[in-house]
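Topology and contacts: notes
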Amino acid sequence: MAVIAAGQPAPDFTLAGPEGVVTRADLEGKRTLLVFYPFAFSSVCTDQLSIYNDLLEDFSRHGLTLYGVSCDAVASQQAFKDQLGIEIEQLSDFEPKGATCRAFGVLHPAGMPERALVLIGADGVVEWSHQAENPGVLPGANLIFDALEAPAA
């Protein structure tokens, strides 16, 4: 299974967060990056979200909102967010486990998200996506900035 391709409409989804659920419809009208990551508290995920959080001001200059997505429970994600001291909202694909990851083509056979990035435009269409060669590879923020600055296809 491969990550959803640019030009495809983002699939419908419902993800749980500490403030309630977030759906595809909630993202309409804004540019969004879904940051799929395997596990809260793992070393690469910690590094990835910390780096992206340090660049939130730069991302917001591009009109971009980031959400971290994993199959961890909401309470675990909140503890992860609190421990890291990050502002990136965390969304849980815990129940039904992996349904959103499956819809985006990033559910690893082991039942966790692949490490992937999906940029969704204000119109709900995927503008760009990237899946790391394996869950241990951290996609640098430069990939995101390159996608944000690329001319529209």
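Before reading further, recall that the structure is shown in the block above.
Residues numbered from 1 in each chain as written. Predicted model: local features only at pLDDT ≥ 70, side-chain atom pairs only at ≥ 80, totals over all residues. Heavy atoms only, no water.

To continue, consider the overall build of the chain. Helix and strand counts for the chain come out as six helices and seven strands. Seen in sequence order, the chain has helices and strands lined up from the N terminus as β-β-α-β-α-α-β-α-β-α-β-β-α. Computed over its C-alpha atoms, the radius of gyration of the chain comes to 14 Å, within 12% of the 15 Å expected for a compact globule of 153 residues. Projected onto the principal axes, the alpha-carbon positions of the chain cover approximately 40 × 30 × 30 Å. Classification of the 153 residues of the chain by burial places 46% in the buried group. Counting only contacts in the chain whose residues sit at least 6 apart along the sequence, the fraction spanning at least 24 positions is 68%. (Helix = DSSP H or I, 4+ residues; strand = E, 2+ residues; numbered from the N terminus. Rg over C-alpha atoms; globule rule 2.2 N^0.38 Å. Buried < 20%, exposed > 50% of the residue type's maximum accessible area, 1.4 Å probe, protein only. Contact = heavy atoms within 4.5 Å.)

On to unusual backbone geometry. At the junction of glutamate 95 and proline 96, the peptide bond is cis and its omega measures out at -5° in the coordinates. Within the secondary structure, proline 96 is located in the loop between strand S5 (89-92) and helix H5 (99-103). Even without being glycine, phenylalanine 41 reaches a positive phi, approximately 75°.

With that settled, consider the pairing of strand S7 (residues 126-131). Note that strand S6 (residues 116-120) and S7 share five bridges and pair antiparallel. Bridge pairing in S7 places alanine 116 opposite glutamine 131. Linking S6 back to S7 in an antiparallel pair, the connection comprises five residues, with glycine 124 at a positive phi of about 85°. (Pairing = 2+ DSSP bridges.)

As paired elements, strand S4 (residues 64-70) and S5 share four bridges and run parallel to each other. Each bridged residue has a counterpart across the sheet, and for tyrosine 67 the counterpart in S5 is glutamate 89. In this region the chain leaves S4, passes through helix H4 (residues 74-84) and returns to the parallel neighbour S5; the handedness of that crossover is right-handed. (Right-handed = clockwise from strand over helix to strand, strands pointing away.)

Moving on, we get to the packing of aromatic side chains. On inspection of all chains with the given rule, the structure shows six aromatic pairs. Here the aromatic rings of tyrosine 52 and phenylalanine 59 are separated by 6.3 Å at their centres, their planes lie at 85°, and the arrangement is edge-to-face. For tyrosine 52, a relative accessible area of 0% puts it in the buried group. Three or more aromatic residues link up through ring pairs in this structure, and these residues are Phe13, Phe36 and Phe104. (Phe/Tyr/Trp six-rings, centres within 6.5 Å; stacked < 30°, edge-to-face > 60°.)

Let us now look at the pattern of salt bridges. Scanning the model with the defined rule gives four salt bridges in all. Between glutamate 57 and arginine 61 there is a salt bridge whose closest N-O contact spans 3.4 Å. Taken together, the residues span about one helical turn, with glutamate 57 and arginine 61 both in helix H3 (residues 56-61) at a distance of four residues. Arginine 61 gets classed as exposed once you look at its relative accessible area, which sits at 56%. For arginine 61, the salt bridge identified is with aspartate 58, shortest N-O distance 2.1 Å. Pair noted here: arginine 61 and aspartate 58 are both in helix H3, with a separation of three residues, about one helical turn. By sharing partners, the salt bridges in this structure join Glu57, Asp58 and Arg61 into a single network. (Salt bridge = Lys/Arg side-chain N within 4 Å of Asp/Glu carboxyl O.)

Geometric values such as these leave the question of function open.
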